[in-house]
Amino acid sequence: MVGNRIPVYFVGLSVAGYSLLAAGAAALDYSDSLLSVVLRSVIVLLAAILLVRAVKRRNANVVAVLMIAIGLFWVLYFLRIIYSTLLSLEPLSRPSEEYYIWAFGACFLPMLAAARTVPNASSLTSTFRFTYGLLFLAVVLAVAFGSSMVVTQASDLENTGRLRLEMLNPISLGHLGVTLAVFSVWRLMHKDECVQRTWRGNLLLVMGVLLGLYIMVAANSRGPIIAACCCFLFIIAGSNFRRRSLMLLIGVCIVILLFPLATYLEQTLGISVYDRLFSADVASDSSRQLLYEVAFQNFSMSPFTGAGLEVRDLQTYPHNLIVEAFMTTGIFGGLLFIFFVGILALSALKLYKKKPEGGWIPLLFAQYLVASQFSGAIYSSTYFWLAIGLLIGLRRYKRDEVIGSAVPQTRAT
């Protein structure tokens, strides 16, 4: 039934929809912001439908403390947006309406819908399969049509040394590869009661690991690589001793594989992985340090209510969500943010062990928790907030009620 597939479509499009859109646009040599607007509108519509259905169920099985903390933080953040865009009229880098659209439509509403969607074993499997399919297709298109070349203002071609798509920057593209690789490794490690594994499925997953790693390395961004390492350690920590040994072996093979891959990228695409990852980028590090220092100065000027929506004088965000939470909402909002993120981080590993059929959700949260320390703003970190919602939804999911029921097996990845 279409109604039962709405959570599947919602999660799949939220996790992989934009990446697939960007890769498809590159394949067709077509770029239009209207496509992104249409996709975001569809996601918002699906989120609204899920919320209406959740209200009708009147299911009170919610992690109340977490939801209250997250709700209070968002109230403070929305008040900051209102004050900065309507009352103080501080200079901002974007039109005022974009902060409302991104914060409410792209982050808050999908997070709330994901948190109110209680999955079962079959829907978890269906959601993962649909999401994985979109991710795999997006990565294949990115490998085929991604480029490190950009057109300068002088209409010259310049090699940036980082793979990208016209609608997807290298950091986002790198995280796309990480998500596919991490999901593939997890699926290879996890045995699903609802799915009968085939050799074709295993081959597809191995290809997913390789393609994901290729995109991650070719994007040549430190943040995605650090996130991938943290997810790999997360899988090891959540596995038994036998699987830990297997994961360590896989890790050694991946590290060995990365060296010839980096050499290949430098020789064919001019992407110098070694120079970017292992040399000191003084300009980038100094810029990031300046952002942190000015953001802290802004916070110290108004520690109780927050200083502004963006770093004053620089008109940008700090590229660290914890720093930004204190800067925008003050000490109370910052502590709320640390509180609910800390609780979720502690529970993610427990959920990974207790509810292994949904293990891809804690991994998605771990990836974008790490990512939030290096890039993104509160109002635009869509994957981070979606992962929070999915993790809360997984907490509400009662595993033994479903595993004990008869679920037909399917032959799938």
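See above for the structure.
Everything numeric here is computed off the predicted structure, so don't read it as measured data.

Caption draft 1: Local environment of the overall build of the chain. Looking only at helices and strands, the chain has 15 helices and four strands in total. Expressed as a percentage of its 413 residues, the buried residues of the chain come to 50%. Summing over all exposed atoms, the chain offers an accessible surface of approximately 19,300 Å²; the carbon and sulfur share of this is 66%.

Caption draft 2: Structural detail: the nonpolar core. Counting 112 residues, the largest nonpolar core has F10, F73, W74, F340, W385 and I388 as its most contacted members. In this view, F73 contacts A325, T329, G333, L336, F337, F340, I378 and W385; residues no more than four positions away in its chain are not counted.

Caption draft 3: Fine view of helix α13 (residues 360-371). The first and last C-alpha atoms of α13 sit 16 Å apart over twelve residues, in line with the 16 Å expected at 1.5 Å per residue. By the criterion of burial, α13 is predominantly enclosed, with eleven of the twelve residues buried. Listing the buried residues of α13 in full gives W360, I361, P362, L363, L364, F365, A366, Q367, Y368, V370 and A371.

Caption draft 4: A look at unusual backbone geometry. Positive phi outside glycine occurs at Q315, with the angle close to 50 degrees. Here Q315 shows up in the loop between α11 (282-301) and α12 (321-354). Non-glycine residue H319 carries a positive phi angle of around 65 degrees. Counting through the fold element by element, H319 comes out in the loop between α11 and α12. Residue class for H319 comes out buried when judged on its relative accessible area of 18%.

Caption draft 5: Structural context of the packing of aromatic side chains. Counted by the stated rule, this structure contains 29 aromatic pairs. On the basis of an interplanar angle of 80 degrees and a centroid distance of 6.5 Å, the ring pair of F73 and W74 is categorised as edge-to-face. An identical accessibility class is assigned to F73 and W74; each is buried. Seen in terms of ring centroids, F128 and W360 are 6.0 Å apart; in terms of plane orientation they differ by 50 degrees. Their pairing is tilted. Residue F128 is located in helix α5 (residues 121-145), and its partner W360 is located in helix α13; the two are separated by 232 residues in the primary sequence. With respect to burial, F128 and W360 carry one shared label: buried.

Caption draft 6: Here's a closer look at the environment of L257. As for its position among the elements, L257 is in helix α9 (residues 241-268). Judged by relative accessible area, which is 38%, L257 ranks as partly exposed.

Caption draft 7: View of the pattern of salt bridges. Going through the model one piece at a time under the given rule, you end up with one salt bridge. For E98, the salt bridge goes to R94, with nearest N and O atoms at 2.8 Å.

Caption draft 8: Quick look at the environment of G17. Structurally, G17 can be placed in helix α1 (residues 2-27). Classification of G17 as buried rests on a relative accessible area of 6%. Once the C-alpha coordinates of G17 and L134 are considered, the two residues, 117 residues apart in sequence, prove to be 7.0 Å apart. Look past the residues within four positions of G17 in its chain and what remains in contact with it is G12 and L39.

Caption draft 9: Representation of empty space enclosed by the protein in the model. Inspection of every chain in the model, using the stated rule, returns two cavities of 30 Å³ or more. The wall of the largest cavity is formed by S14, R40, I43, V44, G105, A106, P110, T382 and L386. Elements represented by at least two residues in the lining of the largest cavity include exactly α2 (33-57), α4 (96-115) and α14 (382-396). Here the lining of the largest cavity is built from residues that sort into five nonpolar, three polar and one charged.

Caption draft 10: The layout of surface pockets, seen in detail. Approximately 1,500 Å³ is the volume attributed to the largest pocket. What lines the largest pocket is a set of 50 residues, among which N169, S172, Y317, S375 and G376 lie closest to the centre. Those elements giving two or more residues to the lining of the largest pocket turn out to be α1, α2, α4, α6 (170-189), α8 (222-237), α11, α13 and α14.

Caption draft 11: Representation of the packing of helix α3 (residues 64-87) against α14. At a minimum axis separation of 12 Å, α3 and α14 run at an interaxial angle of 160 degrees. Classified by the interaxial angle, the pair formed by α3 and α14 is roughly antiparallel. For α3 against α14, the interelement crossing comes out left-handed. On the side of α3, the interface is formed by L66, M67, I70, F73 and W74, while α14 contributes W385, I388, I392 and R395. Across the contact of α3 with α14, the residue classes tally to eight nonpolar, no polar and one charged.

Caption draft 12: Representation of α14 within the structure. Taking 1.5 Å of rise per residue, the 15 residues of α14 would be expected to cover 21 Å, and the 22 Å separating its terminal C-alpha atoms lies within 8% of that figure. Extensive coverage of α14 is indicated by the burial of 14 of its 15 residues.

Caption draft 13: Seen up close, the environment of V11. Following the sequence through the fold, V11 ends up in helix α1. Given a relative accessible area of 7%, V11 falls into the buried group. Sequence separation between V11 and A114 is 103 residues, and the spatial gap between their C-alpha atoms is 7.7 Å. Residues contacting V11, with those up to four places away along its chain left out, are T127, T131, W360 and L390.

Thresholds, definitions, all that
- All residue numbers refer to position in the chain's written sequence, counted from 1.
- Reporting of local features is limited, given that this is a predicted model, to residues whose pLDDT is at least 70; pairs of side-chain atoms are given and counted only at 80 or more, and all residues count toward the totals for whole chains, interfaces and linings.
- Side-chain numbers come from the whole structure's heavy atoms, not from hydrogens or water.
- Per the convention used, a helix needs a DSSP run of H or I reaching at least four residues, while a strand needs a run of E reaching at least two, with both numbered from the N terminus.
- Only protein chains enter the area calculation, which uses a 1.4 Å probe; residues under 20% of their type maximum are buried, those over 50% are exposed, and those in between are partly exposed.
- Here the open area of atoms and residues is found with the Shrake-Rupley method and a 1.4 Å probe, where only the protein chains shown may cover a residue.
- Here, the term nonpolar core denotes a set of buried Ala, Val, Leu, Ile, Met, Phe, Trp, Tyr and Cys residues that are joined through side-chain atoms within 4.5 Å.
- We call two residues contacting when some pair of their heavy atoms lies within 4.5 Å.
- Helix span, as expected, comes to 1.5 Å for every residue beyond the first.
- Each pair of aromatic rings taken from Phe, Tyr and Trp, with Trp reduced to its six-membered ring, is defined by centres within 6.5 Å and is described as stacked if the planes are under 30 degrees apart, edge-to-face if over 60, and tilted in the remaining cases.
- We count a salt bridge whenever a side-chain nitrogen from Lys or Arg sits within 4 Å of a carboxyl oxygen from Asp or Glu.
- Using only the protein atoms, space was sampled on a 1 Å grid; points where a 1.4 Å probe fits but cannot get out form cavities, open sets with protein on both sides within 12 Å along at least five of seven lines form pockets, and lining residues are those with an atom within 4 Å of a point.
- Grid points are joined across faces, edges and corners, and a volume is the space filled by probe spheres set on the points.
- Amino acids are sorted into nonpolar (Ala, Val, Leu, Ile, Met, Phe, Trp, Tyr, Cys and Pro), charged (Asp, Glu, Lys and Arg) and polar (every other residue, Gly among them).
- Fitted lines through C-alpha atoms serve as axes, helices being fitted only where they are in contact, and the angles separating the N-to-C directions of these axes extend from 0 to 180 degrees.
- Angles below 35 degrees are treated as roughly parallel, those above 145 as roughly antiparallel, those between 65 and 115 as roughly perpendicular, and all remaining angles as oblique.
- Crossing handedness follows the turn of the near helix against the far one: under a right angle anticlockwise gives a left-handed crossing, and clockwise gives a right-handed one.

By themselves, these figures tell us nothing about what the structure is for.
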